[in-house]
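So you can see what is in the structure, the chains are spelled out below.
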Amino acid sequence: MLSLAPRAAGGWARLPSACGAAAVLRPSPWVEKSPADHAAFTRPCSSQKKVTRVCVRNGYSFGRLDLLGRRGSPLAHASVFCPFNLPKYKGKLDMSLFPVENIRNFSIIAHVDHGKSTLADRLLEITGTIAKTDQNKQVLDKLQVERERGITVKAQTASLFYNYEGINYLLNLIDTPGHVDFSYEVSRSLSACQGVILVVDANEGIQAQTMANFYLAFEAQLAIIPVINKIDLKNADPERVEKQIEKLFDLSKEECIRISAKLGTNVEKVLQEVIEKVPPPSVNIDDPLKALVFDSTFDHYRGVIANIALFGGEIQKGHKIVSAHTGKTYEVNEVGILTPNERPTHKLYAGQVGYLIAGMKEVTEAQIGDTLYLHKQPVEPLPGFKSAKPMVFAGMYPVDQSEYNNLKSAIEKLTLNDSSVTIHRDSSLALGAGWRLGFLGLLHLEVFNQRLEQEYNASVILTAPTVPYKAVLSSPKLIKEHRKEEITIINPAEFPDKFSVSEYLEPIVLGTVITPDEYIGKIITLCQARRAVQKDMVYIDEHRVMLKYIFPLNEILVDFYDALKSHSSGYASFDYEDAGYQTADLVKMDILLNGNSVEELGTVVHKDKAYAVGKAMCERLKDAIPRQLFEIAIQATLGSKVIARETVKAYRKNVLAKCYGGDITRKMKLLKRQAEGKKKMRKIGNVEVPKDAFISVLKRQSEK
Amino acid sequence: MAAPGGWRARTGLAVALRSQRAARQQRTLQKPLPSEEPLRAALYVHWPYCQKRCSYCNFNKYIPRGLDEASMRSCLTQEARTLIQLSQVHRISSVFFGGGTPSLASPQTIAAVLETISRCAHLAADAEVTLEANPASAGASRLAEFRASGINRLSIGIQSLDDAELILLGRDHTAHEALGTLEEAKKLFPGRTSIDLIFGLPGQSVASWTKGLEELLQQCDDHVSLYQLTLERGTSLFRQVQQGSVPAPKQEVVAEMYEVAREMLRDTGYRQYEVSNFARNGALSAHNLSYWQGSQYIGIGPGAHGRFVPRAQGENLREARIQTLEPDSWMKEVQAFGHGTRKRAAQGELEVLEEVLVLGLRTDVGIAHQHWLQFAPSLSLWDVFGTSVEVKELEDQGLLLLDNRGLRCSWKGLAVLDSLLLTLLNQLQQSWADRTAHGT
């Protein structure tokens, strides 16, 4: 089946005729290190600046032509030429073959489940980047959690090679995380692009996340290619979606491409539109090196692998580079492209996208948004960099303290790949030693937890998430103590009382809800119950409404999404973006057991919610605290005011009925186990509280 | 009734053996012993067979298929011989035939075991010898035969006087049959007939329980055992409750039943001498008391438990022993090795003390100082519990008493003993560790 390129062709090979009429001689982009078995040639086209010796290793350069030939390709003028998926091939690709004008950097953005990853799979197949098999399901979603949830957490990048009208193009597909929690990552990924494919489900139409993504692309002034996917579905209504796109995005119907990524229908058209509509990056290879870090991963053996987009100059092994953010200098060990696995190249040139390995030990050294430049040739850093800002905090503890070290190492390994998680050691009297982790958002938290469980087999207690509140201090003493007027409160124990504070602040978000109009009433009621303030309400077509609300972040943390789904029979979609802070009437609620405060259950709540939260906590505690020899009063209090109360009645009888000769061994074993457990219980005054009780109150409640 | 031949035979034998033993005893008595304790033990005999499985019972029991009673008998006697010799006790203070349903065993088997015991150690003529009897397998003539073979106390599993409840419990007798057996037993074992009752059954109310109890109190003898139903995993009743086909008894209701029953029995002249045991006219069960006093006991038969010092092996530590559970395997082992001991675990001093504490507090008299000092000569009850804040709290709550008599539960405390024990066990462990630390 292999039709090997003749050595005599000197790196030029004729593709099998099946690949179409435009079968031409093409340069192999692979450069052979060994001088023994190669032929030199001169690059025939493209960049006029350089003449590079390109070598082809005998036989292998065009291996697996089944991948490349794309027999039956409907497009005579487009074909695939890059033969790099060769397991045995050790050579390096010459990236100078791709001048800036032949490069397109683009991204696919979509609401969850609208088919982003499936479209990416098809693009990878069409360009021969991956073999076309039935197994190509969300190739770029490498994580188990991504495939399970149908979301993209960790963006992947793939360089595609595509010949269109006789020109070899390098198309860099920069995948983005599909959730607003990662909007900063999305924005950095997009800043490496000049265009986006905006995918909308032909059945569901525009959803909240589509809006968020559109605005990100629009604000970044990217070319937008609207694509209506899933036209093969029975209920597909591409016309309605086209109208929505026209109305909301001001893009004409004619621009929309109707496709079925699943079946491959019209997918090549999308590729061609990318080439036609997305401008090449406007960069200059003669400028000094300026590279944007838009993602980073950690490899156990090679250290940090930073995904970079070159905005100027070139980069190769041996270069000394500097991080604009940290000022640290590194020596480049390896550069290459992502296909989507790393493929080393000799160099990367301005406009190109790839990876770099430079002896960075931690992902924090390759922060997303950072700019890299050549040592002694500093450049103006690219705009938009910010350090990850956690918006949701949760305590994480090992289920069993003996698992502390294992969990610690699992968290460390996981955060090697995710610098946006902040970690503070924490310890709870009830739950032992653990951490307070900061996440970009709720999904981020969930994904992190799920990855710990799935990839590291760690079992953890995750406490209910909280948000970072702020307090503007009025007490001079406290201001002096904190050395600032405005403090962030992560731990309720640090909540300053209202007499030393001029105001409290809570984080808010701008939420977008898109829903069929019959659910508006219920959704408005729901939002109001969450203390949300309506900002906007527009019909995006005859039946669908887009609502915009300012929500306190805390109000959407726990079960908002589920409530929204259940109030709308699953039809409403929701997305949000950071909207700063607003003043809030916050109070600290204490939980008392027989009059003694339980430190780890102290909670900061909005005054309006205190009663409901207090009641729920008391009820959960009542179920979780075993009966004791005396009655236990469980109270939720605000200052000295009791707002909720439950009672655990005293034991009246718990003595074993039969205890004769044959019962003693078993009874002693049971008693000693219980006595051991009693030692481990946390004593609040004279009340013994088992760890499980804390867990049941502090734990994030399952949302299903 | 007819002169009990077996009984006479045994007592005759005992007299014969007594002179031998007296001689031996004199030799040993030249060396003063710390107490009488090592020289005596109670003996439990497990009869592992039942006619029918009760829905609540998770004891070691089997429905026999082709039971070879002669083999069983010879194995029981063999094991009794082996273990009594191993313990080197001189005196068996009481014997208890439990099960299973030991009233299904033939009186000859009972007699054979008792004879063997008498040959190996002193079994006083008036020593308590109890048989557990099931109303269905204990007609008048059979009871008489048991008496003739040496039984002098009967414990009848009446369980309930409500036929519907008896069906729920899977019992193979009616309330009427049970009362008939009780009548006969009282004639044969006057003052030494005990009845077992179960309360806290699914669907049972405080009123229905009290009514049944009241009726029984008019007819029963001097000893009553009241057991709260424990739903044991693996029993059919447990499954039925799990599956919701019968309601789970409510904690509050069961506590009330216990409370009311205790009061009724007290008012009828019974002394609650243990958590579940009530006696009048001094008819306490000597055998069961010896468990609660932490005395030695030898267990024979499949799955029987024992606690004794195997002095014949030169050991000084008490062992917790368990015999092989399954009757056929047990028999094979006894035939091969003379005993079917499956598990032996030496008990340290602390472990013995823990048992003394847990068991002793089940009785109304609790643990007397002198009694405790027999087991812990250098660590008094005052040393252990006298300064503990938590123990003081329990005293202040009126649940526990530590005074010049010793340590015991109050009336209220007895019902929640298992909670008290957790505090007390931890305190004992702590004091023991402190003492050891200071000692070294």
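Residues numbered from 1 in each chain as written. Chains lettered and ligands numbered in written order. Predicted model: local features only at pLDDT ≥ 70, side-chain atom pairs only at ≥ 80, totals over all residues. Heavy atoms only, no water.

1. A look at the pattern of salt bridges
All names here are of chain A.
Item 1. Evaluated as defined, the whole model comprises 40 salt bridges over all chains.
Item 2. Between Asp 541 and Arg 240 there is a salt bridge, and its shortest N-O distance comes to 3.3 Å. Of this pair, Asp 541 sits in the loop between strand 29 (533–539) and strand 30 (544–552) while Arg 240 is found in helix 6 (residues 238–249), placing the two residues 301 residues apart along the sequence. Just as Asp 541 is buried, Arg 240 falls in that class too.
Item 3. Here Glu 631 and Arg 645 are joined by a salt bridge, their closest N and O atoms 4.0 Å apart. Of this pair, Glu 631 sits in the loop between helix 14 (610–624) and strand 35 (632–638) while Arg 645 sits in strand 36 (residues 641–648), and the two are 14 residues apart along the sequence.
Item 4. Residue class for Arg 645 comes out partly exposed when judged on its relative accessible area of 43%.
Item 5. Connected through salt bridges with shared partners, the residues Glu 506, Arg 531, Glu 555 and Lys 609 form a single ionic network. (Salt bridge = Lys/Arg side-chain N within 4 Å of Asp/Glu carboxyl O. Helix = DSSP H or I, 4+ residues; strand = E, 2+ residues; numbered from the N terminus. Buried < 20%, exposed > 50% of the residue type's maximum accessible area, 1.4 Å probe, protein only.)

2. Topic: the interface of chain A and chain B
Item 1. Counting from both sides, the interface comprises 30 residues of chain A and, opposite them, 45 residues of chain B.
Item 2. The contact between chain A and chain B buries some 3,500 Å² in all, and 55% of this surface belongs to carbon and sulfur atoms.
Item 3. Considering only the surface of chain A that becomes buried against chain B, Arg652(A), Lys653(A) and Tyr660(A) emerge as the three largest contributors, covering 21% of it.
Item 4. Here chain A is connected to chain B by seven salt bridges.
Item 5. Here Asp418(B) and Lys667(A) are joined by a salt bridge, their closest N and O atoms 2.5 Å apart.
Item 6. Taken together, the links from chain A to chain B amount to 23 residue pairs in polar contact (both at pLDDT 80 or more). (Contact = heavy atoms within 4.5 Å. Buried area = accessible area lost by both parts, 1.4 Å probe. Polar contact = N/O pair within 3.5 Å; in protein donor to acceptor, adjacent residues only side chain to side chain.)

3. Regarding unusual backbone geometry
Item 1. Cis peptide bonds are those with omega within 30 degrees of zero, and the linkage from Thr339(A) to Pro340(A) qualifies with -10°.
Item 2. Inspection of the secondary structure assignment puts Pro340(A) in the loop between strand 17 (334–338) and strand 18 (342–345).
Item 3. Cis peptide bonds are those with omega within 30 degrees of zero, and the linkage from Gly99(B) to Gly100(B) qualifies with 25°.
Item 4. Tracing the sequence through the fold places Gly100(B) in the loop between strand 2 (91–99) and helix 3 (107–120).

4. With respect to the sheet that holds strand 14 (residues 400–402) of chain B
Residue and element names in this part refer to chain B.
Item 1. Judged by pairing direction, the sheet is antiparallel, and its three strands sit side by side in the order 13-15-14 without closing on themselves. In the strand order of this sheet, the two ends are held by strand 13 (367–368) and strand 14, each with one partner.
Item 2. Pairing between strand 14 and strand 15 (residues 406–409): three bridges, direction antiparallel. Bridging from a neighbouring strand, Leu 402 pairs with Leu 407 of strand 15. (Pairing = 2+ DSSP bridges.)

5. Brief notes about the confidence of the model for chain A
Item 1. Averaged over chain A, the pLDDT score is 80; the fraction of residues at 70 or greater is 81%.
Item 2. Scored below 50 in pLDDT, residues 1–89 of chain A makes 189 contacts in the model with residues more than four places away or belonging to other chains. (pLDDT = per-residue confidence, 0-100.)

6. Brief notes about the packing of aromatic side chains
Item 1. In this structure the tally under the stated criterion is 23 aromatic pairs over all chains.
Item 2. Seen in terms of ring centroids, Phe98(A) and Phe161(A) are 5.2 Å apart; in terms of plane orientation they differ by 50°. Their pairing is tilted. Placement of the pair is Phe98(A) in the loop between strand 5 (92–93) and strand 6 (103–110) and Phe161(A) in strand 7 (residues 157–164), with a sequence separation of 63 residues.
Item 3. By relative accessible area, which is 0% here, Phe161(A) ends up buried.
Item 4. A connected cluster of aromatic rings, assembled from ring pairs, spans Tyr549(A), Phe551(A), Phe560(A), Phe574(A) and Tyr576(A).
Item 5. Over the ring of Tyr258(B) we find Lys653(A), and its NZ or CZ is 4.5 Å from the ring centre.
Item 6. We note Arg435(B) situated over the ring of Trp432(B); from NZ or CZ to the ring centre the distance is 4.4 Å. (Phe/Tyr/Trp six-rings, centres within 6.5 Å; stacked < 30°, edge-to-face > 60°. Lys NZ or Arg CZ within 6 Å of the ring centre and 35° of its normal.)

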